[in-house]
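Fold and contact review
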Amino acid sequence: MSQLCVGLMSGTSLDGIDAALVRLAGDRPDVELLGFHTVPYSESERRRILDTIECGGVRECALLHVDLGRRFAEVALEVLELGGRRAGELAFVASHGQTVWHEPGRASLQLADPAVIAESLGVQVVSDFRSRDVAAGGQGAPLVPMADALLFAARDRDRALLNLGGIANVTWVPAGGSLDCMIAFDTGPGVAVIDAVVRASSPEVAFDVDGVRARRGTAHAAVVEQLMQDPFFEQAPPKSTGRERFGPVFAKRLSQQVARAATGTGDDDAVATAVALTAASVADQFRRWLPAASAEVVVSGGGARNPALWDALRTALGAYDLKRFDDLFFDGDAKEAVAFALLGWLTLRGRPGNVPAATGARGPRVLGRITPGV
């Protein structure tokens, strides 16, 4: 029996809301992506989220929770319309929400009220996926490894699935997709630091389109080496992180250090250095914590579309076979929304969605909360 659902996701990069229209069938299950739609946050929406993260009070947080619920519901309805489907055909909606605070092992908070989504669509909503793992002693992240094992493992070779969202994370899956031998963790900054550096010098620009500024600038190896002294990189998995560590404050420190060292265009040098830092940190974490370089690396997320970052990664990960997720599966931008659709499917069947080796939880747990439809 197959089921139709929508997976909703918004990441730490604050780019916008992703919606995947998915058909799930079978026991593992088989997943078919029927439609994908992404709606960028407006500058005012992004600024409001950032202001709430940085200095918002209880009222601001509560109102943003409701308003994001409306926006998530709108995007879900839009992907249904694009796919020629109606909300009444859905078995459920799985909504990750928008992370506004992630403190590993203590708390992870996502906003986008599931009651508003359920009321708007008349469909049950699975949400709040991270809290149960945190309550069980885990970090609440990363959660995508379950999808990496069930949906994207290779039968005949080891595979590392690298996601370059705001924060970069990797799942190393042995051939065949065994959960017992998986390794998964956040490697550090993905595009969050790059984007923050760009926005600091050009507030009207969300990111470095096609890596143009990074290519104009010169990366400062000494600054990268200094920033790589952050204790996070020496911490052994399981581990996760967020904008609280690798966000605007960290980006400001990078820019200041580059400005002191720059002899040319300091702003572009800072962008180039942020790109170099992401590539260097990914390579460093691969060398420290993953098995020997025998796996292919499948890259997804916004960072996979940045040519400057892609080239820097190819150089830094020279021993690995680097491939784009899009070339093997489907639109890589849809990957995490599809992953949370799978997690919602598991929740509704009473099956665990976390991988304890990845999160550090005391054991497998059924994740999420279920909000009934109308």
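So, here is what we can say about the structure in this document.

Definitions and limits used
- Residues numbered from 1 in each chain as written.
- Predicted model: local features only at pLDDT ≥ 70, side-chain atom pairs only at ≥ 80, totals over all residues.
- Heavy atoms only, no water.
- Pairing = 2+ DSSP bridges.
- Helix = DSSP H or I, 4+ residues; strand = E, 2+ residues; numbered from the N terminus.
- Axes fitted to C-alpha atoms, helices over the stretch in contact; angles between N-to-C directions.
- Contact = heavy atoms within 4.5 Å.
- Parallel < 35°, antiparallel > 145°, perpendicular 65-115°, else oblique.
- Left-handed = near helix turned anticlockwise from the far one by under 90°.
- Nonpolar A, V, L, I, M, F, W, Y, C, P; charged D, E, K, R; others polar.

This part takes up the sheet that holds strand 8 (residues 167–173). Within the open sheet, the 5 strands sit side by side as 9-8-7-10-11. Their pairing is mixed. With one partner strand each, in any of the chains shown, strand 9 (183–189) and strand 11 (321–324) form the two edges of the open sheet. Adjacent strand axes in the sheet meet at a mean angle of 20° when their direction is disregarded. As paired elements, strand 7 (residues 159–164) and strand 8 share 6 bridges and run antiparallel to each other. Note that in strand 8 the partner of leucine 161 across the bridge is threonine 171. In this fold helix 10 (residues 266–289) packs onto strand 7, strand 8, strand 9 and strand 10 (296–300), with an angle of close to 150° to the strand it touches most, strand 9.

Relative to each other, helix 9 (residues 248–261) and helix 10 sit at 120°, their axes nearing to 9 Å. When the interaxial angle is binned, helix 9 and helix 10 end up oblique. Between helix 9 and helix 10 lies a crossing of right-handed hand. Contacts between helix 9 and helix 10 involve Phe250, Leu254, Ser255 and Val258 from the first element and Gly266, Asp269, Ala270, Thr273, Ala274 and Leu277 from the second. Counted by class, the contact of helix 9 with helix 10 contains 6 nonpolar, 3 polar and 1 charged residues.

Looking now at unusual backbone geometry. In this chain, arginine 28 is followed by proline 29 through a cis amide linkage whose omega measures 0°. Between proline 237 and the following residue, proline 238, the backbone shows a cis peptide bond with an omega angle of 5°. We note that alanine 112 has phi near 135°; this positive angle belongs to a residue other than glycine. Here alanine 112 is to be found in the loop between strand 5 (107–111) and helix 3 (114–121). Phi at aspartate 128 is positive, roughly 50°, even though this residue is not glycine. If you trace the backbone, aspartate 128 turns up in the loop between strand 6 (125–127) and helix 4 (131–135).

The values reported here are purely geometric and, on their own, carry no functional implication.
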